[in-house]
Each structure stands twice: as C-alpha cells, then as structure tokens.
Amino acid sequence: MSQLAGKLGIVFGVANKRSIAWAIAQAWHRAGARLAFTYQGERLKENVEELAGTFGADTIILPCDVTKDDEIARVFAEVGAKFGKLNLLLHSVAFAPKDALEGEFVNTSREAFRVAHDVSAYSLVALARGAAPFMTDGGSIVAMTYYGAEKVVPHYNVMGVAKAALEASTRYLAYDLGPRKIRVNCISAGPVNTLAARGIAGFTDMLKHYEAHAPLKRNVLPDELGATGTFLASDGAAAITGQVLYVDCGYQIMGM
Ligand code: NAD
Ligand code: 0WE
C-alpha cells in the first residue's frame, strides 16, 4: 500500500516497541511515508535508535523534551532543513506525576496539575506551531487521547482533565490551521498494554472490563491504531478535522 507515498512525517512519543507511537509509525512507514523521530531524553535514546534505525541508517532521530521550547525549536529547524517540508505529525505523549494517578482527584497539587497539562496538552499547541510553517502543502496532525477526557475513569484523575484540554486544543488548532489545509484530529484509544499503562494498579482488570462491555467483546490492537493513524494521515481523510475518533471496540457508545 502506498497511501502515504512521498509524505514526510515526524513522530513524538516512542519509548519502546509497545508504544502506540511505534505502532502508528510502523503503519505510516509501511504506507510509504518517510519519518523522523524524537525521544524524551538520554534514557530512551538507545531504544528509539534501535527501533527507528530499522527504517534506514539515515533516519533522523533527535532528542525532544516537549516541555522545553529550545528543544522543540531545534527539532523543527533540523527536520525542516533536512526534509524541506513536513506533511505528518504524531503526538503520542502524556505524563502526570504518579501520585496524582493514585489518590483522589480532589487532592491534585498545583504542580501535578501544571505538569500534566504542560506535557500532555500544551505540547500539542507548541508542536503544531513548530510544524505548521513546514506544512506548506497542507498536513495532518494526529494526537492520542482517552475516554477519561469526557467521563470519570477512577484514578485517571488529572490526566482526564489534561486530555479534555488536549481534545479542545485539537478543535481550536483545527480552526486556526484549516485555511492552510492542515488537519488536526485525535484518536481516542481503548486501553493498550504499554509502558504508560503497565504501572497503573488494576490495569489488567480494566482490560477485562473492556473485553466484557465493549460491543466487539475484545480490546483494541496496536495495529488497529496504526490503521486509523494511517487513514487520518491520508488524503482519504481530507475533509476530517477537529475530530475525536474512537478506536475502542465501541466501548464509548455504551450507557451501561
Ligand atoms: P508510552 O509510555 O509508550 O508513551 C508515552 C510517551 O510519552 C513516551 O514515549 C514518553 O517518553 C513520552 N513523554 C512523556 N513525557 C515527555 C516529555 N516531557 N517530553 C517528551 N516525551 C514525553 O505509552 P503509550 O500508552 O503508548 O502512550 C502514548 C499516548 O497514548 C499517550 O498520549 C497516552 O495518553 C495515549 N493513550 C494511551 C492508552 C493506553 O491505554 N496505553 C489509551 C489511550 C490513549
Ligand atoms: O494516558 C494514559 C496513561 C498516561 C500516563 C501514565 C503514567 C504512568 C507512570 C501518564 N502519566 C503517568 N505517570 C507515571 O508516573 N492512559 C490512557 C493509560 C491509562 O492510565 C490510567 C488509566 C488508563 C487507561 C490511569 C488510571 C486509570 C486508567
């Protein structure tokens, strides 16, 4: 398949082979896109080099802590210079301090609230602003979200509030960037067993709950997130912007 032939993209959020970002990057690569990658810090450098290196020794791999404006500026300067333009951007980044995901939401500290929103929501605005000048033939920006943005999922806490900000930011960005043919959408994924999910107490029970209650009676597979990511990046989605697409085996439609 060559749905994304000739497209140039940048991927934020690969930590290891289980990362949703890696599933979507592989799908984009198989569809013909050429990709650059960023990693959060030295700790993840080797992982990302090993994974992204399989796409060719010339693959651009750069550090980027999304809370650092200078690192974001450097990424777009380098990728802009090497690629000349950009068509695709994947935002697959989230973080809240662990204690904020354990206790009650009412006890969220000012600092945990700030960090969760900085990393998980504001970063989409900053990355979109960095990428837009290079998306000269239009573009597709895709961000990952979760159902806890719209309904209470116990313990998701401040991350749910940050995802609500991410989804609202997606709509405002879609409005601003629409005249430049840059589309901005979210994929709301059902639970996936990744590094970010594994630390969560009761995550295995959550997978069982989805399996029992989702219309499709199973959990979403990483490849299925890749397929939706490829669709949103492709010209088949040329009239879709500002949306949240649920890739959750139907869980979101249920009232009980
Ligand atoms: P993951 O741990 O593989 O990915 C999270 C990524 O965020 C990591 O690569 C990490 O390095 C990056 N990150 C955190 N802080 C950062 C910072 N300051 N700067 C740069 N990068 C930073 O886990 P994942 O489950 O693949 O998560 C990816 C996205 O998918 C997140 O937005 C998450 O909220 C979302 N999501 C996950 C699930 C799930 O069940 N796993 C469900 C729905 C949505
Ligand atoms: O977005 C997420 C998880 C994001 C996340 C995970 C961690 C774990 C380690 C953000 N910050 C941190 N901080 C850490 O220190 N998901 C959608 C997965 C997830 O996390 C949950 C969930 C689900 C689903 C937390 C509680 C309840 C459900």
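Use the structure listed above.
Read on for a plain summary of the structure. (Residues numbered from 1 in each chain as written. Chains lettered and ligands numbered in written order. Predicted model: local features only at pLDDT ≥ 70, side-chain atom pairs only at ≥ 80, totals over all residues. Heavy atoms only, no water.)

The secondary structure content of the protein amounts to 8 helices and 7 strands. Expected size for 256 residues packed as a compact globule is a radius of gyration near 18 Å; at 17 Å, the protein falls within 12% of this value. Overall size of the protein, expressed as C-alpha extent along the three principal axes, is 50 × 40 × 35 Å. Sequence-distant contacts, at least 24 apart, represent 75% of the contacts inside the protein between residues at least 6 apart. Surface summary for the protein: the accessible area is close to 12400 Å², and the carbon and sulfur share equals 56%. On the protein, the mean spot of the 25 positive side-chain charges and the mean spot of the 25 negative ones are 4 Å from each other. (Helix = DSSP H or I, 4+ residues; strand = E, 2+ residues; numbered from the N terminus. Rg over C-alpha atoms; globule rule 2.2 N^0.38 Å. Contact = heavy atoms within 4.5 Å. Areas by Shrake-Rupley, 256 points an atom, 1.4 Å probe, with all protein chains shown as cover. Lys, Arg positive; Asp, Glu negative; His and termini not counted. Charge placed at Lys NZ, Arg CZ, Asp CG, Glu CD.)

Space inside the largest pocket adds up to approximately 1600 Å³. Mapped onto the lining of the largest pocket, the elements with two or more residues apiece are α1 (20-30), β2 (34-39), α2 (42-52), β5 (139-145), α5 (157-177), α6 (195-198) and α7 (203-213). By residue number, the principal contributor to the lining of the largest pocket is α6, which donates 3 residues. Partitioned by chemical class, the residues of the lining of the largest pocket number 31 nonpolar, 13 polar and 5 charged. Forming the boundary of the second largest pocket are 17 residues, of which Asp137, Gly138, Gly139, Lys181 and Asp235 lie nearest the centre. Listing elements by their share of the lining of the second largest pocket, those giving two or more residues are β5 and β6 (182-189). (1 Å grid on protein atoms, 1.4 Å probe; cavity = no way out; pocket = protein on both sides within 12 Å on 5 of 7 lines; lining within 4 Å. Points joined across faces, edges and corners; volume = space filled by probe spheres on them. Nonpolar A, V, L, I, M, F, W, Y, C, P; charged D, E, K, R; others polar.)

Here we come to the packing of helix α4 (residues 110-131) against α5. Running from N to C, α4 and α5 point in directions that differ by 15°, and their axes come no closer than 9 Å. By the angle between their directions, the pair α4 and α5 is classed as roughly parallel. As α4 packs across α5, the resulting crossing turns out to be right-handed. When α4 is examined against α5, the residues Phe113, Ala116, His117, Ser120, Ala121, Leu124, Val125 and Ala128 are found in contact with a partner set consisting of Val158, Met159, Val161, Ala162, Ala165, Leu166, Ser169, Thr170, Leu173 and Leu177. For the contact of α4 with α5, the residue count by class is 14 nonpolar, 4 polar and no charged. (Axes fitted to C-alpha atoms, helices over the stretch in contact; angles between N-to-C directions. Parallel < 35°, antiparallel > 145°, perpendicular 65-115°, else oblique. Left-handed = near helix turned anticlockwise from the far one by under 90°.)

Our focus in this paragraph is unusual backbone geometry. In this structure, His155 takes a positive phi of about 80° despite not being glycine. Along the chain, His155 falls in the loop between β5 and α5. Residue His155 is classed as partly exposed on the basis of its relative accessible area of 44%. Unusually for a residue other than glycine, Cys249 sits at a positive phi of about 60°. For Cys249, the location among the structural elements is in the segment after β7 (244-247). The exposure class of Cys249 is buried, given its relative accessible area of 7%. (Buried < 20%, exposed > 50% of the residue type's maximum accessible area, 1.4 Å probe, protein only.)

What follows is about the site of ligand 1. In the neighbourhood of ligand 1, 27 residues make up the surrounding shell, with Ser19, Gln40, Lys163, Val192 and Thr194 lying closest. At 2.9 Å, a backbone N or O of Ile20 approaches an oxygen atom of ligand 1. Thr194 has a polar side-chain atom sitting 2.5 Å from an oxygen atom of ligand 1. Look at ligand 1: alone it shows 820 Å² of surface, and the protein chains cover 92% of it. Taking a 2 Å distance to the grid points as the criterion, the majority of the atoms of ligand 1 fall inside the largest pocket. Secondary structure elements with two or more residues in the shell around ligand 1: β5 and α6. Tallying contributions element by element places α6 first for the shell around ligand 1, with 3 residues. (Near = heavy atom within 4 Å. Polar contact = N/O pair within 3.5 Å; in protein donor to acceptor, adjacent residues only side chain to side chain. Sits in = over half its atoms within 2 Å of the grid points.)

To continue, consider the site of ligand 2. Taken together, Phe95, Ala96, Lys98, Leu101, Tyr146, Pro154, His155, Tyr156, Met159, Ala196, Ile200 and Met206 form the complete shell of residues around ligand 2. At 2.7 Å, a backbone N or O of Ala96 approaches a nitrogen atom of ligand 2. Separating an oxygen atom of ligand 2 from a side-chain N or O atom of Tyr156 is a distance of 2.7 Å. Relative to its unbound accessible surface of 600 Å², ligand 2 loses 86% to contact with the protein. More than half of the atoms of ligand 2 fall within 2 Å of the grid points belonging to the largest pocket. Along the lines of polarity and charge, the residues of the shell around ligand 2 split into 10 nonpolar, 1 polar and 1 charged.

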